[in-house]
Amino acid sequence: MTTQLDLTGKRTGTTPRPAPRGRARTPRPARRTSAWTPWLYLLPALAVIGGLLVYPVYQLGLISFLEYTQAQVSGGEPTSFKGFGNYTTLFADPQFWHVLLATVLFAAACVVTTLAVGCALAVLLTRVRALPRLALMVAALGAWATPAVTGSTVWVFLFDPDFGPVNRLLGLGDFSWTYGRYSAFALVLLEVVWCSFPFVMVTVYAGIKAVPSEVLEAAALDGASQWRIWRSVTAPMLRPILVVVTIQSIIWDFKLFTQIYVMTNGGGIAGQNLVLNVYAYQKAFASSQYSLGSAIGVVMLLILLAVTLVYLRLLRRQGEEL
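All values derive from a computational prediction rather than experimental measurement. (Residues numbered from 1 in each chain as written. Predicted model: local features only at pLDDT ≥ 70, side-chain atom pairs only at ≥ 80, totals over all residues. Heavy atoms only, no water.)

Visitor: Any details on the overall build of the protein chain? Residues and values, ideally.
Guide: Across its full length, the protein chain carries 14 helices and four strands. A buried classification covers 33% of the 322 residues belonging to the protein chain. If you take every contact in the protein chain between residues at least 6 apart in sequence, the share linking residues at least 24 apart comes to 63%. Approximately 20,700 Å² of the protein chain is accessible, and the part contributed by carbon and sulfur atoms is 66%. (Helix = DSSP H or I, 4+ residues; strand = E, 2+ residues; numbered from the N terminus. Buried < 20%, exposed > 50% of the residue type's maximum accessible area, 1.4 Å probe, protein only. Contact = heavy atoms within 4.5 Å. Areas by Shrake-Rupley, 256 points an atom, 1.4 Å probe, with all protein chains shown as cover.)

Visitor: Which residues make up unusual backbone geometry, and what values do they have?
Guide: Non-glycine residue alanine 270 carries a positive phi angle of around 55°. Mapped onto the secondary structure, alanine 270 falls in the loop between helix H12 (258-263) and helix H13 (276-286). Here alanine 270 falls in the exposed class, since its relative accessible area comes to 81%.

Visitor: Which residues make up the environment of phenylalanine 197, and what values do they have?
Guide: Mapped onto the secondary structure, phenylalanine 197 falls in helix H8 (residues 181-210). Judged by its relative accessible area of 11%, phenylalanine 197 falls in the buried class. Note: C-alpha distance between phenylalanine 197 and threonine 113 (84 residues apart in sequence) is 8.7 Å. Leaving out residues up to four positions away in the same chain, phenylalanine 197 has contacts with Thr114, Val117, Gly118, Leu121 and Ala140.

Visitor: Can you explain helix H1 (residues 37-64)? Please cite residues and give values.
Guide: Along its 28 residues, H1 runs 38 Å from first to last C-alpha, staying within 8% of the 40 Å computed at 1.5 Å per residue. The axis of H1 is deflected most strongly, by about 50°, at leucine 43, and proline proline 44 appears within four residues downstream. (Expected span 1.5 Å × (residues − 1). Bend = angle between axes of the 7 residues up to and from the residue.)

Visitor: With reference to specific residues and values, describe the pattern of salt bridges.
Guide: For the coordinates displayed, the defined rule picks out one salt bridge. Here lysine 82 and glutamate 67 are joined by a salt bridge, their closest N and O atoms 3.3 Å apart. On the criterion of sequence distance, the pair formed by lysine 82 in the loop between strand E4 (80-81) and helix H3 (85-91) and glutamate 67 in strand E3 (residues 66-67) is long-range, its members being 15 residues apart. A relative accessible area of 33% means that lysine 82 is categorised as partly exposed. (Salt bridge = Lys/Arg side-chain N within 4 Å of Asp/Glu carboxyl O.)

Visitor: Describe in detail the packing of helix H4 (residues 94-125) against helix H5 (residues 130-145), supporting the description with residues and values.
Guide: Relative orientation of the contacting elements H4 and H5 amounts to 150°, with a least axis distance of 10 Å. Classed by the angle they form, the pair H4 and H5 counts as roughly antiparallel. Of the residues in H5, those in contact with Leu121, Leu124 and Leu125 of H4 are Arg133, Leu136 and Met137. Grouping the constituent residues of the contact of H4 with H5 by class yields five nonpolar, no polar and one charged. (Axes fitted to C-alpha atoms, helices over the stretch in contact; angles between N-to-C directions. Parallel < 35°, antiparallel > 145°, perpendicular 65-115°, else oblique. Nonpolar A, V, L, I, M, F, W, Y, C, P; charged D, E, K, R; others polar.)

Visitor: Break down the nonpolar core for me, citing the residues and quoting the values.
Guide: The tendency in soluble globular proteins is for nonpolar side chains to be buried side by side. Core analysis: the largest hydrophobic core is formed by 35 residues, its most contacted members being Leu90, Phe106, Ile260 and Leu276. Of all elements in the fold, only H3, H4, H8, H12, H13 and helix H14 (290-317) reach the threshold of two or more residues within this core. Sort the elements by how many residues they give to this core and H14 lands first, with seven residues. Beyond its immediate stretch of four places on either side in the chain, leucine 276 contacts Phe96, Val99, Leu100, Thr103, Phe254, Ile296 and Met300. Counting residues in hydrophobic clusters, the runner-up holds 21 residues, among them Leu115, Cys119, Phe197 and Met201. (Core = buried A, V, L, I, M, F, W, Y, C linked by side-chain atoms within 4.5 Å.)

Visitor: I'd like a rundown of the packing of aromatic side chains, residues and numbers included.
Guide: Counted under the stated rule, the structure contains 22 aromatic pairs. Ring centres 5.4 Å apart and planes at 80° place the aromatic pair phenylalanine 175 and tryptophan 177 in the edge-to-face group. Here phenylalanine 175 falls in the partly exposed class, since its relative accessible area comes to 36%. Tryptophan 177 gets classed as buried once you look at its relative accessible area, which sits at 16%. For the ring pair tyrosine 261 and tyrosine 281, a centre distance of 5.4 Å and an interplane angle of 80° mean the geometry is edge-to-face. With tyrosine 261 in helix H12 and tyrosine 281 in helix H13, this residue pair connects regions lying 20 residues apart in the sequence. Using a relative accessible area of 33% as the deciding quantity, one classes tyrosine 261 as partly exposed. Note that arginine 181 overlies the ring of tyrosine 182, its terminal NZ or CZ placed 5.7 Å from the centroid. (Phe/Tyr/Trp six-rings, centres within 6.5 Å; stacked < 30°, edge-to-face > 60°. Lys NZ or Arg CZ within 6 Å of the ring centre and 35° of its normal.)

Here it is in structure tokens:
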């Protein structure tokens, strides 16, 4: 731009300068990526997943269609193909249906209780100061990091009828928690919730902190109670997170093994506290019916897949994108 001056020295206006001559730069063409490039990045993870998940599942399904007992393992008899014979035997066993019903009810009770305790403590973390919040987080993460065998052994000692402090505090005398069916399930449920709620608490707490404070303040100004705010405002916004923790809890609690096996000494008196995972272990290793135990494992896998797919489909119908 140039400035023009009149005879008195005042500026009268500007005139644009001509653009410099030269070639205009042409944009470089974008590099074309091959369709196989993303798969090359995923190849290491797929190899690990294939070795740790796909191949064992394939072997599990294969053995469930074979006659595979201790005789076949030792080489005394050849392995034969039975087709759906193992599944026919399994479905004709009344004990299988009894154990399946007990597993579903027990897993449902564990999931509901874990979600209730975890969500309640997550809300509590948003209400307390920094020091109590830190203490609760450290205690919860300590419970979560405790190995299942160690935690189960400690809980058995705490509720021991002879040396446990719980019976003394409650005045129950020599009451045996693991003798009765329902009391043993209740004891295992407490231990499962104790080691599972930290995951729900930390995940939901992170989701609550991500909720805009303006939304919660507006609901409070409108006169909504804390329970109403949680039910009508916070919970719908946390639905994707609640889906994740619910599915994880269903998978963990449905395939429960260590707590039941350790705390009820292998399934309780006369198998009264059996769940599907312990039932499969008894069939496969205690009775050496490996093919029947594999069939139980396949049934568990299909049930968990069906529950997960149905739950995700219902949420997608409601417009939630996960």
